[in-house]
Amino acid sequence: MARTPRGVIIAGVVAIVLIGLNLRAGITGAAALLHDLQQVLGYGSLIAAIIPSVPTLCFAVAGAATSWLTRVLGLEKAILLSLLLLAAGLLLRGVPSTGMLLAGTIVGMSGLAICNVAMPSFIRVYFAHRTSLMTALYTVTMTTGATVVAVLIVPVAQQLGSPSAGVGAIGFLAIGACLGFLPIALHAHRNAPAVKAGRVSPWPLLRTRTGVMITLGFTVQALLAYAVLSWFPYMLVTLGLSASEGGLMFGLMQLVSVPAGMVLVGIGSRPRMQRTAFYLATVTMAAGVAAMLVLPVSWAPLTAVLLGFGLGIFPLVMVMVSRSGRTTAETTALSTVAQSAGYLLATLGPFGMGLLHSATGSWTLPLILLLAVALGQIAVGHLLTARPELPKSRAKLPGEQRSVGSSIGEAQS
């Protein structure tokens with residue numbers, strides 16, 4: 001295998017940073033302005049519940065097509081296409097219309113979905129011996145972008161005179177990611193291999209313990225994360241804080257998740273310490289939801305810190321996905337099944353919370369159910385980090401699927 005030029009490696013690091021800055025910014029920006037958007041555009045409670053659910057639905061549907069898309073276009077071109085869709089969709093949301101808000105969210109989040117699934121494979125191809133480091137960089141910049149946008153989006157929207165203009169302005173950040181990734185795509189086009197990579201079907205992986213556990217772990221953390229990311233600032237505003245104060249608390253939550261993710265990955269990378277890292281993240285998330293349920297809104301900073309630390313579980317899951325498989329095709333297959341099935345089920349989080357709040361006029365029942373999921377995540381983390389069984393005790397699987405399971409088992413050891 002030819003050695004990747006140093007310039008391409010440097011461009012790859014820059015691309016990871018620029019892409020990471022975008023992968024939650026569009027979601028957190030809309031969440032921080034959700035209350036203002038509803039007031040200005042005048043849509044009802046059903047649309048208000050649907051809008052935060054669109055990202056996870058797009059992640060499930062568009063993400064499922066990523067394996068096919070990367071085979072047809074190649075990994076790098078598929079990522080570039082996803083970034084173009086993301087930028088176009090985010091800019092489209094700047095049009096002050098409920099229809100454009102929905103259409104732009106669908107287009108942008110579809111691009112985001114493809115990028116989400118493809119990035120573990122990109123890291124594996126260009127940084128095979130630095131997967132933990134690059135995954136940590138990717139997730140830290142993702143959270144950094146989300147934090148900065150969450151804090152600044154309300155003042156920016158106020159300066160622009162419109163919440164729609166505020167969410168649309170995030171599209172310029174995505175344009176920067178497109179330009180940053182362009183050198184990688186051009187290099188890949190000029191050096192395309194004569195033989196395409198082998199195909200690994202993702203869905204049979206759901207018949208393996210590895211596929212089921214990774215998907216279950218991804219599902220639960222995604223449900224909790226997007227329920228919190230979608231509604232936390234809105235909840236604070238309805239409970240008495242101003243939009244700026246809600247955005248600030250939202251930013252604090254995101255800010256805490258940056259070092260939390262680094263700490264948890266550092267702990268989980270040590271031999272036999274992965275379960276401890278999962279316990280720290282899952283128990284803290286449950287404590288944060290409980291605090292939101294029982295403490296007054298004046299305790300919002302404590303709630304934000306607890307929830308932020310719980311959100312740090314995401315890098316742990318992504319490291320496991322990036323290390324999976326012995327080929328890029330296998331990694332993409334497991335990433336596809338985990339994220340597509342996981343995000344489809346995770347849609348119940350933001351959508352269910354919105355509907356329950358509209359039906360009851362209170363956040364109590366939605367938070368009780370969210371707390372039950374958070375407590376269940378503790379058990380899922382325990383099972384997910386169990387030491388793998390010996391190969392002789394596994395069910396007989398096709399060679400490709402067994403290599404996926406073996407690789408993840410090694411990553412957990």
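Describing the overall build of the protein chain
What the protein chain contains, in helices and strands, is 19 helices and zero strands. For the protein chain, with 413 residues in total, the buried portion stands at 56%. Taking the intrachain contacts of the protein chain between residues at least 6 apart in sequence as the baseline, contacts between residues at least 24 apart amount to 84%. Of the roughly 16300 Å² of accessible surface on the protein chain, a fraction of 69% belongs to carbon and sulfur atoms.

Focus: the confidence of the model for the protein chain
Across the protein chain, pLDDT averages 82, with 87% of residues at or above 70. For the protein chain, per-element mean pLDDT is lowest for helix 19 (residues 399-412), which scores 40, and highest for helix 14 (residues 300-310), which scores 94. Of the regions scoring below 50 in pLDDT, residues 389-413 engages in 45 contacts with residues more than four places distant in sequence or in other chains.

Section: the packing of aromatic side chains
Counted under the stated rule, the structure contains seven aromatic pairs. Ring geometry for Phe122 against Tyr126: centres 4.6 Å apart, planes inclined by 35 degrees, an arrangement best described as tilted. Here Phe122 pairs with Tyr126, and both are found in helix 7 (residues 98-126), just four residues apart, close to one helical turn. With a centroid separation of 5.7 Å and 80 degrees between ring planes, the pair formed by Tyr226 and Tyr343 is classed as edge-to-face. Of the two residues, Tyr226 sits in helix 11 (residues 209-238) while Tyr343 sits in helix 16 (residues 328-346), which places them 117 residues apart along the sequence.

Digging into the packing of helix 1 (residues 6-22) against helix 8 (residues 131-160)
Where helix 1 contacts helix 8, the two axes come as close as 6 Å, and the packing angle between them is 35 degrees. The element helix 1 and its partner helix 8 pack so that their crossing is right-handed. In this structure, helix 1 uses Val13, Ile16, Val17, Gly20 and Leu21 to contact helix 8, whose residues at the interface are Met134, Leu137, Tyr138, Thr141, Met142, Thr144 and Gly145. For the contact of helix 1 with helix 8, the class distribution of residues is eight nonpolar, four polar and no charged.

A closer look at empty space enclosed by the protein
Evaluated as defined, the whole model comprises seven cavities of 30 Å³ or more. Approximately 110 Å³ is the volume found for the largest cavity. Forming the boundary of the largest cavity are 13 residues, of which Ile27, Ala30, Ile51, Pro52 and Pro55 lie nearest the centre. Broken down by secondary-structure element, the contributors of at least two residues to the lining of the largest cavity are helix 2 (25-41), helix 7 and helix 11. Examining the composition of the lining of the largest cavity, we find that five residues originate from one element, helix 2, more than from any other. Each residue belonging to the lining of the largest cavity can be placed in one class, and the counts come to nine nonpolar, three polar and one charged. The volume enclosed by the second largest cavity comes to roughly 60 Å³.

Points about the state of the cysteines
Applying the stated criterion across every chain yields a total of zero disulfides. Free cysteine Cys115: the closest other cysteine sulfur is in Cys178, separated by 9.4 Å.

Overview of helix 17 (residues 348-360)
If you check helix 17, its first and last C-alpha atoms are 17 Å apart, about what 13 residues at 1.5 Å a residue would give, namely 18 Å. For helix 17, the full list of buried residues reads Gly349, Pro350, Met353, Gly354 and His357. Looking straight down helix 17, one finds its buried side chains confined to an arc of 125 degrees; they lie on one side. In helix 17, the exposed positions angled more than 90 degrees off the buried face are occupied by Leu348 and Ala359. Of the residues trailing helix 17, Gly361 is marked for its positive phi of about 70 degrees.

Some words on a nonpolar patch on the surface
Nonpolar side chains collect at one region of the surface, where Val148, Val151, Leu152, Val156, Leu160 and Leu248 lie side by side and expose about 470 Å² of accessible area between them. Here the nonpolar patch gets five residues from one element, more than from any other, and that element is helix 8.

Focus on the nonpolar core
The tendency in soluble globular proteins is for nonpolar side chains to be buried as a group. Ranked by size, the top nonpolar core spans 110 residues in total, and within it Ile79, Phe122, Phe181, Phe232, Met253 and Leu370 carry the most contacts. Looking at this core element by element, the count peaks at 17 residues for helix 11. If we ignore the near neighbours within four places in the chain, the residues touching Met253 are Val228, Leu229, Phe232, Ala304, Leu307, Gly308 and Leu311.

Focus on the packing of helix 13 (residues 274-294) against helix 18 (residues 364-384)
Remark: helix 13 packs on helix 18, axes separated minimally by 9 Å, with the N-to-C direction vectors making an angle of 170 degrees. The angle between helix 13 and helix 18 falls in the class roughly antiparallel. Residues Arg275, Phe278, Tyr279, Thr282, Val283, Met285, Ala286, Val289, Ala290, Met292 and Leu293 of helix 13 form the contact with helix 18, whose own contacting residues are Thr364, Leu367, Ile368, Leu370, Leu371, Ala374, Leu375, Gln377, Ile378, Gly381, His382 and Leu384. Here the residues of the contact of helix 13 with helix 18 are counted per class, giving 17 nonpolar, five polar and one charged.

Comments concerning the environment of Thr144
By the secondary structure assignment, Thr144 is in helix 8. Along the sequence, Thr144 and Gly251 sit 107 residues apart, while their C-alpha atoms lie 9.4 Å from each other. Setting aside its immediate chain neighbours within four residues, Thr144 contacts Leu21 and Val258.

Some details on the side chain of His187
Tracing the backbone shows His187 in helix 10 (residues 171-190). Discounting chain neighbours no more than four positions away, the residues touching His187 are Pro5 and Val8.

So, the environment of Met292
Within the secondary structure layout, Met292 lies in helix 13. The exposure class assigned to Met292 is buried, which follows from its relative accessible area of 10%. With 10 residues separating them in the primary sequence, Met292 and Leu302 have C-alpha atoms 9.1 Å apart. Excluding anything up to four places from it in sequence, Met292 contacts Phe232, Met235, Leu236, Leu239, Thr303 and Leu367.

Definitions and limits used
- Residues numbered from 1 in each chain as written.
- Predicted model: local features only at pLDDT ≥ 70, side-chain atom pairs only at ≥ 80, totals over all residues.
- Heavy atoms only, no water.
- Helix = DSSP H or I, 4+ residues; strand = E, 2+ residues; numbered from the N terminus.
- Buried < 20%, exposed > 50% of the residue type's maximum accessible area, 1.4 Å probe, protein only.
- Contact = heavy atoms within 4.5 Å.
- Areas by Shrake-Rupley, 256 points an atom, 1.4 Å probe, with all protein chains shown as cover.
- pLDDT = per-residue confidence, 0-100.
- Phe/Tyr/Trp six-rings, centres within 6.5 Å; stacked < 30°, edge-to-face > 60°.
- Axes fitted to C-alpha atoms, helices over the stretch in contact; angles between N-to-C directions.
- Left-handed = near helix turned anticlockwise from the far one by under 90°.
- Nonpolar A, V, L, I, M, F, W, Y, C, P; charged D, E, K, R; others polar.
- 1 Å grid on protein atoms, 1.4 Å probe; cavity = no way out; pocket = protein on both sides within 12 Å on 5 of 7 lines; lining within 4 Å.
- Points joined across faces, edges and corners; volume = space filled by probe spheres on them.
- Disulfide = S-S within 2.5 Å.
- Expected span 1.5 Å × (residues − 1).
- Arc of directions from axis to C-beta.
- Patch = residues over 30% accessible without salt bridge, like charges linked within 9 Å, V, L, I, M, F, W, Y side chains within 5 Å.
- Salt bridge = Lys/Arg side-chain N within 4 Å of Asp/Glu carboxyl O.
- Core = buried A, V, L, I, M, F, W, Y, C linked by side-chain atoms within 4.5 Å.
- Parallel < 35°, antiparallel > 145°, perpendicular 65-115°, else oblique.

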